[in-house]
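Single-letter residue listing:
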Amino acid sequence: MMDVPLLVRHIAQRAEQVFPERELVSRTQEGIERSTYARVVERARRLASALTQLGIGPGDRVATFGWNSLRHFELYLAVPSMGAVLHTLNIRLFEDDLRYVAAHAEDRIVFLDASLAETMPHLEGIEHEVLMPDGPGERPGALDYEELIASGDPAFPFPALDERSAAAMCYTSGTTGRPKGVVYSHRSTLLHALGIALPDAMGLRERDSVMPVVPMFHANAWGLPYGAALVGARQVFPGPQMTPAAIAGLIEQEHVTFTAGVPTIWQGLLQLGDDAPSLASLREIVCGGSAVPETLLRGFDARFGVPIVQAWGMTETSPLASASRLPDDERGRDPESDEAYALRATQGHVQPLVDFRVDAEAGGELLVRGPFVAARYYGDEGDDERFTEDGWLRTGDVVELRDGSYLKLVDRTKDLVKSGGEWISSVELEGTIMGHPEVIEAAVVAVADERWGERPCACVVRTKGSELDADGIRAFLAERVARWWLPERVEFIDEVPKTSVGKFDKKALRRRFA
Ligand code: ADP
């Protein structure tokens, strides 16, 4: 067989050759911009040429600070295809962490949205800032994105590269510590993009209109922009308006058929009133990043008739590493049954090319390896306890197997409540509490206890006007979980604090209630 390297430029070339007229849509601060794969790839070539003229070369880190947008997508294609490394900065990171990751990655240039011009601090070591005009917003001294594009060569040839060279990098959101850098290669990016497009993963196809809701700074928007481009799907980028109502409005207006994001956003859609936009165009939502409560699956089925498919992954796994779908009906499972919902609420089957094993000695910790799983962290020689000597990644997630081969994530090792030598799953407890009709959100954290070591503390957000109290929560739980799991402490809060990528911020809750 030919030894052809797997390169990001292949995604761009295929899109421009095979799907030149397929539409790409981007919402900005002020309206909607429309383009095509042909135009976007031409602009990516111009951009690569302009960057070369600025002295950016192979291996140099090019940072972005932006919403999900067309221009961000142009950078997704241009930067790796010219041999440079795309570093997507998390726009919601604390300033201190942001400075840390930009310096750690040695970013040379940063592209930022005008709408974020006031949010982004000046980062040390950055030689050029480039302003992407998504509406009003100024940045003195910054270059103009459109001028840069205009100055570039539309026929710039993307160079031949080693498929193992770096294409992009991303830092973990730091839910459990300092952000750590993961570097994706061209090869891993292509294999992952092919994998997510598979029917039992995201099932992407040309006729889809794909809306990446998961941010483009969060593990490459789960690979969606690449996967969608690879199959020639239409893409709809939601830009700065990320409220549930705005997301739903764009789905209706642009007839989006497929989307993906963390549970928080879909919980928000479920809270919308009867005048909410229609989601009738959607065939499916892939949801992951944190545990998807069964009530969310049921809620979407009942109200919108839109199936939510749970997926699991980590920044370290590119990220999509498993997805949960029901086996063929021939095996006799009623899709409406409790059993079916329980299976859909697992993290599912691993993706092709992902090997896994469960380390019983580590309490059931999941270990994975594969061609799109990180082998180490960027520049962190001392932090390799996450990688075993024989080449596996310790995920920090504790799992059980359901139905033989479905991964069921019990908890993160750091979030388990260790009570009297036994473990209580915070994920299961909070998922159960969220099944109460008067509960919007619930997070469970461990609090120190003299007698038991740790006990669960439930932090609960009630529906408006609800008078549900701690006894009510315990009575509801008593019928569903073991007695010794019942939390003595229940705190009613207005909102569960969220991390920069919309996950429950348990560090903040522990600080508050410890
Ligand atoms: P961070 O570790 O900073 O949150 P990541 O986005 O890489 O950054 O998070 C990966 C972790 O998110 C996983 O190890 C797991 O704990 C959690 N996670 C991802 N998907 C799911 C899911 N479907 N169910 C439960 N937890 C999930």
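Going by the structure above, here's the rest.
Note that the coordinates shown come from a computational prediction; the quantities given were computed from them, not determined experimentally. (Residues numbered from 1 in each chain as written. Predicted model: local features only at pLDDT ≥ 70, side-chain atom pairs only at ≥ 80, totals over all residues. Heavy atoms only, no water.)

(A) The layout of surface pockets, seen in detail. The computed volume of the second largest pocket comes to approximately 550 Å³. What lines the second largest pocket is a set of 28 residues, and nearest its centre among them are M242, V262, T264, I265 and G502. Mapped by element, the contributors of at least two residues to the lining of the second largest pocket are helix 9 (263–270) and strand 23 (439–449). Broken down by element, the residue count for the lining of the second largest pocket peaks at four residues, all from helix 9. Here the residues of the lining of the second largest pocket sort into twelve nonpolar, twelve polar and four charged. (1 Å grid on protein atoms, 1.4 Å probe; cavity = no way out; pocket = protein on both sides within 12 Å on 5 of 7 lines; lining within 4 Å. Points joined across faces, edges and corners; volume = space filled by probe spheres on them. Helix = DSSP H or I, 4+ residues; strand = E, 2+ residues; numbered from the N terminus. Nonpolar A, V, L, I, M, F, W, Y, C, P; charged D, E, K, R; others polar.)

(B) Broad picture of the sheet that holds strand 9 (residues 181–185). Spatially, seven strands are ordered 7-6-5-3-4-8-9 in an open sheet, and the strand pairing comes out mixed. Each having just a single partner strand, strand 7 (143–144) and strand 9 make up the two edges of the open sheet. Here five bridges tie strand 3 (residues 61–65) to strand 5 (residues 107–113), and the two strands are oriented parallel to one another. Bridged to A63 within strand 5 is V110. (Pairing = 2+ DSSP bridges.)

(C) Quick peek at the pairing of strand 11 (residues 234–237). By the alternation rule, side chains of strand 11 split into R234 and V236 and Q235 and F237, which are all buried. Bridge count for strand 1 (residues 23–27) against strand 11 is three bridges, and the pairing is parallel. Bridge pairing links V25 to V236 in strand 11. Two strands pair when backbone bridges link them, and strand 10 (residues 209–212) and strand 11 are joined in this way by two bridges, in the parallel orientation. Looking across to strand 11, one finds that S209 is bridged to R234. You can see the chain leave strand 10, run along helix 7 (residues 224–231) and come back into strand 11, and the turn it takes is right-handed. (Buried < 20%, exposed > 50% of the residue type's maximum accessible area, 1.4 Å probe, protein only. Right-handed = clockwise from strand over helix to strand, strands pointing away.)

(D) Local environment of the packing of aromatic side chains. With the rule as written, the count across this model stands at eight aromatic pairs. With a centroid separation of 6.3 Å and 75° between ring planes, the pair formed by Y37 and F73 is classed as edge-to-face. Here Y37, found in helix 2 (residues 37–53), pairs with F73, found in helix 3 (residues 70–81); they are 36 residues apart in sequence, far enough to count as distant. Taken together through their ring pairs, the aromatic side chains of Y37, F73 and F237 make up a single cluster. When the ring centre of F492 is taken as reference, the NZ or CZ atom of R462 above it lies at 3.9 Å. The ring of F476 carries R480 above its face, with NZ or CZ at 3.7 Å from the centroid. (Phe/Tyr/Trp six-rings, centres within 6.5 Å; stacked < 30°, edge-to-face > 60°. Lys NZ or Arg CZ within 6 Å of the ring centre and 35° of its normal.)

(E) Geometry of the nonpolar core. Formed by 85 residues in total, the largest nonpolar core has its most connected members in L47, F73, L77, F111, M202, L204 and F258. Ranked by residues supplied to this core, first place goes to helix 2 with eight residues. Both domains that furnish three or more residues to this core are identified here as domain 1 (1–242) and domain 2 (353–412). Discounting residues that sit within four places of it in the chain, L204 has contacts with I196, A197, V210, L224, G227, A228, V231, F258 and R283. Listed in part, the 30 residues of the second largest apolar core include V447, L477, W485 and I493. (Core = buried A, V, L, I, M, F, W, Y, C linked by side-chain atoms within 4.5 Å. Domains from an automatic or database assignment. Contact = heavy atoms within 4.5 Å.)

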